[in-house]
2 protein chains.
Amino acid sequence: MTDPRYFRPNIRAMQGYAPGEQPRDKAYIKLNTNENPYPPSPNVFDAIAREANDDLRLYPDPMATALRRKIGQVYGVPPEAVIAGQGGDDILNLIVRACAGEGDGVASLFPSYTLYATLAAIQGARMIDVDSVEKLTDVDATVYFVCNPNAPTGLWTEMAALDALAPELDGILVIDEAYADFAGRTCIPLAIDHPNVIVVRSLSKSFSLAGMRLGCGISRPETVRQLDKVKESYNLDRISQAVALAALDDLEHAERNCRRVVATRDRLKRELDAMGIEHYPSQANFVFFRIADAAGLKRALMDRGVLVRHLDLPGYEDYLRVSIGTDPEIDTFLEHLRALV
Amino acid sequence: MTDPRYFRPNIRAMQGYAPGEQPRDKAYIKLNTNENPYPPSPNVFDAIAREANDDLRLYPDPMATALRRKIGQVYGVPPEAVIAGQGGDDILNLIVRACAGEGDGVASLFPSYTLYATLAAIQGARMIDVDSVEKLTDVDATVYFVCNPNAPTGLWTEMAALDALAPELDGILVIDEAYADFAGRTCIPLAIDHPNVIVVRSLSKSFSLAGMRLGCGISRPETVRQLDKVKESYNLDRISQAVALAALDDLEHAERNCRRVVATRDRLKRELDAMGIEHYPSQANFVFFRIADAAGLKRALMDRGVLVRHLDLPGYEDYLRVSIGTDPEIDTFLEHLRALV
């Protein structure tokens with residue numbers, strides 16, 4: 001055994017973040033990790049082919065200059081207000097490292113994205129869960145997370161509520177918009193209006209690029225400068241930078257895929273209503289629904305070749321989360337669900 | 001201005017790591033960031049073309065299973081002894097986060113890779129510099145870095161010395177082998193022999209893949225399990241994993257390029273000797289040499305289209321580091337050097 005003295009007590013005590021299953025043994029209908037069922041823009045493949053050349057021997061641009069300019073154009077902010085990262089997770093990680101020291105508070109809604117608690121544990125910070133956005137003002141933290149729409153519920157918090165919240169907080173308010181494109185709304189203006197707001201975006205879901213790990217943070221330039229100190233200097237490789245640029249050059253492709261996912265999601269919600277199955281009114285690319293023996297049902301669906309997620313969160317043990325697949329995939333899911341309940 | 005209260009005092013106080021210049025304005029002979037002058041294996045491009053498909057919409061394998069198996073085969077260790085990362089820097093970062101809390105000591109030789117001090121500063125840990133490997137036993141730290149061969153000197157520390165050092169340290173000994181392939185030696189056996197040794201490897205230099213950010217750590221499985229808790233779950237995207245596998249499948253290509261770089265390095269050392277220029281006996285893919293008005297000479301070389309690195313480290317202000325390019329590139333460098341000194 002490794003002598004425990006070699007590792008920090010908070011690291012020894014913690015569990016790592018548990019990602020959803022990525023089974024390789026057979027072909028499943030994969031509705032467990034909120035991936036987009038439609039492929040990324042064809043632009044992406046052209047960009048990869050162009051970038052696959054001998055220059056791979058050279059370091060990438062550490063500041064991702066062209067990509068940050070593009071992100072700025074797309075979201076209506078200057079490039080200095082953008083930090084590019086290896087998925088939204090990279091940015092969430094930088095924020096916690098820059099702002100939460102040992103013993104500091106890190107606050108989030110519960111339930112929400114479980115990575116927030118993992119990042120706090122790595123720092124030796126204290127995770128504080130609250131059950132509504134309003135209650136965030138009651139707790140003392142250096143970082144406040146609002147996932148919007150929230151995971152796994154899919155609930156959207158209105159921009160007006162966050163606009164009112166930000167000045168009340170004596171810490172950074174992180175608005176995690178990984179799923180915002182499926183809500184058709186954004187709180188990016190708040191990242192410029194307030195000195196303590198960072199909006200985090202991802203290309204994993206709405207741009208169908210989970211396999212490439214691309215995201216960004218948007219905030220005032222003075223905040224981006226602090227986060228830049230913590231980021232790995234070369235956090236985005238050459239191909240990743242080119243892929244992100246190409247994907248953002250074809251917004252129409254992503255928007256079309258989002259519309260298809262939203263249409264399927266809304267149909268699924270109606271079908272669940274018709275079956276009398278309770279669920280949250282999701283604005284994201286998944287639906288969180290209540291069902292008896294959720295763990296057993298998850299396994300039964302897996303036996304039938306359909307993966308969904310049983311997060312098994314305290315108080316939400318009888319909920320499953322199903323990601324929005326193609327229409328035929330959701331039909332298959334519903335067919336098995338009807339047979340099993 | 002951002003209210004300083006939003007960031008940890010150690011983050012506000014620190015400077016970020018300064019990577020070498022990556023100018024895009026014109027074509028330079030780039031001898032400033034230790035890149036390999038020869039292209040990566042053709043296997044790499046085949047792998048990229050295969051991986052550029054619709055599966056980019058899906059998350060990558062979080063455990064990089066196939067890649068870790070391959071790394072294990074290449075270096076003669078079980079896959080459980082391997083953690084794959086986004087460059088060696090990713091692994092260095094994980095180690096410091098897992099082992100060094102606020103106020104803990106992080107020790108390194110001086111001069112050495114300046115990122116170690118940046119990683120310590122991000123944690124709020126204390127950086128301790130010593131001037132020889134032997135003196136590492138005199139200082140109290142949770143992480144001890146030995147870059148081998150060292151940067152920027154290129155000096156190799158014998159395995160026997162590190163074998164004797166490890167049991168004397170009450171912390172983790174990190175042997176950073178980013179440049180070891182140019183020395184034709186490795187200390188990987190120590191990573192299994194001792195409970196507190198981690199060897200860090202990189203594909204940036206000897207495999208000509210700086211642009212892809214690939215590396216790994218090798219240590220006992222119980223140590224890898226602790227580091228896994230800190231790593232981003234999906235730290236290597238789909239294309240990166242495929243590229244690393246393909247590169248490691250063509251060891252002969254990398255070995256051939258290393259031999260060419262070593263031959264050019266040794267010729268450069270002889271030429272510097274002939275010019276009476278003092279330099280360290282480098283075992284890496286760069287040479288650190290002493291010269292009057294180093295800062296001025298670096299600028300004069302840049303004006304003539306040749307980039308070298310002036311690290312400007314305390315006590316080493318009159319040194320420049322030149323990376324090993326192709327033979328014609330080094331000839332051009334020498335020609336300008338002769339004209340300028």
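A. View of the interface of chain B and chain A. Between chain B and chain A, the contact holds 78 residues from the first and 77 residues from the second. Buried surface at the junction of chain B and chain A, summed over both partners, amounts to about 6,900 Å²; 54% is from carbon and sulfur atoms. Ranking the residues of chain B by area buried against chain A places B:Tyr6, B:Arg57 and B:Tyr59 at the top, with a combined share of 12%. Applying the counting rule to chain B against chain A returns zero salt bridges. Summed over the shared surface of chain B and chain A, the result is 37 residue pairs in polar contact (both at pLDDT 80 or more). Among the secondary structure elements, those contributing two or more residues to the side of chain B that touches chain A are α1 (9–13), α2 (42–51), α4 (87–99), α5 (115–123), α8 (221–230) and α9 (238–248) of chain B. Of the residues belonging to the side of chain B that touches chain A, the class tally is 36 nonpolar, 22 polar and 20 charged.

B. Expanded view of the relation of the copies chain B and chain A. After a rotation of 180 degrees and a shift along the axis of 0.0 Å, chain B superposes on chain A with an RMSD of 0.0 Å. Both chain copies can therefore be described as sitting about a two-fold axis. By residue overlap, the copies meet face to face through one surface: 99% of the interface positions of chain B are interface positions in chain A.

C. Inspection of the sheet that holds strand β2 (residues 82–85) of chain A at higher detail. Residues and elements named next belong to chain A. The strand order across the open sheet built from seven strands is β2-β8-β7-β6-β5-β3-β4, with neighbouring strands paired in mixed fashion. Either end of the sheet is taken by a strand with one partner, and the two such strands are β2 and β4 (126–130). Averaged over all adjacent pairs, the angle separating strand axes in this sheet is 20 degrees, with direction ignored. Strand direction decides the pairing type here: strand β6 (residues 172–176) and strand β7 (residues 197–202), joined by four bridges, are parallel. Each bridged residue has a counterpart across the sheet, and for isoleucine 175 the counterpart in β7 is valine 199. Strands β2, β7 and β8 (215–218) of the sheet are contacted by helix α3 (residues 65–75), whose axis makes an angle of about 120 degrees with β2. The sheet contacts of helix α8 (residues 221–230) involve β2 and β7, and relative to β2 the element is tilted by about 30 degrees.

D. Region of the structure containing the domain arrangement of chain A. All names here are of chain A. As assigned here, chain A comprises domain 1 (4–39 + 252–340) and domain 2 (42–250). Taking the mean C-alpha position of each, domain 1 and domain 2 sit 23 Å from one another. Each partner contributes residues to the interface: domain 1 has 31 residues there, and domain 2 has 31 residues. Counting across the interface, domain 1 meets domain 2 through one salt bridge. Inspection of the region where domain 1 meets domain 2 yields 15 residue pairs in polar contact (both at pLDDT 80 or more). Where the side of domain 1 that touches domain 2 is concerned, the elements lending two or more residues are α1 (9–13), α10 (251–274) and β9 (286–290). Per-class residue counts for the side of domain 1 that touches domain 2 are 18 nonpolar, eight polar and five charged.

E. View of the packing of α10(A) against helix α12 (residues 327–340) of chain A. All names here are of chain A. Where α10 contacts α12, the two axes come as close as 10 Å, and the packing angle between them is 15 degrees. Here α12 runs roughly parallel to α10, going by the angle between their axes. Helix-helix and strand crossings are classified by hand; for α10 and α12 the assignment is right-handed. Here α10 contributes Thr264, Arg267, Leu268, Glu271 and Leu272 to the contact with α12, which in turn contributes Asp327, Ile330, Asp331, Phe333, Leu334, Leu337 and Arg338. Broken down by class, the residue content of the contact of α10 with α12 amounts to six nonpolar, one polar and five charged.

F. Broad picture of the pattern of salt bridges. Residue and element names in this part refer to chain A. Per the counting criterion, the structure on display carries 34 salt bridges over all chains. Aspartate 131 is paired through a salt bridge with lysine 135; the nearest N and O atoms lie 3.0 Å apart. Residue arginine 267 pairs with glutamate 271 through a salt bridge whose shortest N-O separation is 3.7 Å. You can see arginine 267 and its partner glutamate 271 sitting in helix α10, four residues apart, about one turn around the helix. Taken together, the shared-partner salt bridges in this structure form one network comprising Arg267, Glu271, Asp327, Asp331 and Arg338.

G. The arrangement of the packing of aromatic side chains in detail. All chains considered together, the criterion is met by 24 aromatic pairs over all chains. Ring geometry for A:Tyr280 versus A:Tyr319: centroids 5.8 Å apart, planes at 40 degrees, classification tilted. With A:Tyr280 in the loop between α10 and β9 and A:Tyr319 in strand β11 (residues 319–323), the pair connects residues that are 39 residues apart, well separated along the chain. With respect to class, A:Tyr280 is no different from A:Tyr319; both count as buried. Where B:Tyr113 meets B:Tyr116, the ring centres are 5.5 Å apart and the plane angle is 80 degrees; that geometry is what we call edge-to-face. The exposure class assigned to B:Tyr116 is buried, which follows from its relative accessible area of 0%.

Procedures and definitions
- Residues numbered from 1 in each chain as written.
- Chains lettered and ligands numbered in written order.
- Predicted model: local features only at pLDDT ≥ 70, side-chain atom pairs only at ≥ 80, totals over all residues.
- Heavy atoms only, no water.
- Contact = heavy atoms within 4.5 Å.
- Buried area = accessible area lost by both parts, 1.4 Å probe.
- Salt bridge = Lys/Arg side-chain N within 4 Å of Asp/Glu carboxyl O.
- Polar contact = N/O pair within 3.5 Å; in protein donor to acceptor, adjacent residues only side chain to side chain.
- Helix = DSSP H or I, 4+ residues; strand = E, 2+ residues; numbered from the N terminus.
- Nonpolar A, V, L, I, M, F, W, Y, C, P; charged D, E, K, R; others polar.
- Least-squares fit on C-alpha atoms with pLDDT ≥ 70 in both.
- Pairing = 2+ DSSP bridges.
- Axes fitted to C-alpha atoms, helices over the stretch in contact; angles between N-to-C directions.
- Domains from an automatic or database assignment.
- Parallel < 35°, antiparallel > 145°, perpendicular 65-115°, else oblique.
- Left-handed = near helix turned anticlockwise from the far one by under 90°.
- Phe/Tyr/Trp six-rings, centres within 6.5 Å; stacked < 30°, edge-to-face > 60°.
- Buried < 20%, exposed > 50% of the residue type's maximum accessible area, 1.4 Å probe, protein only.

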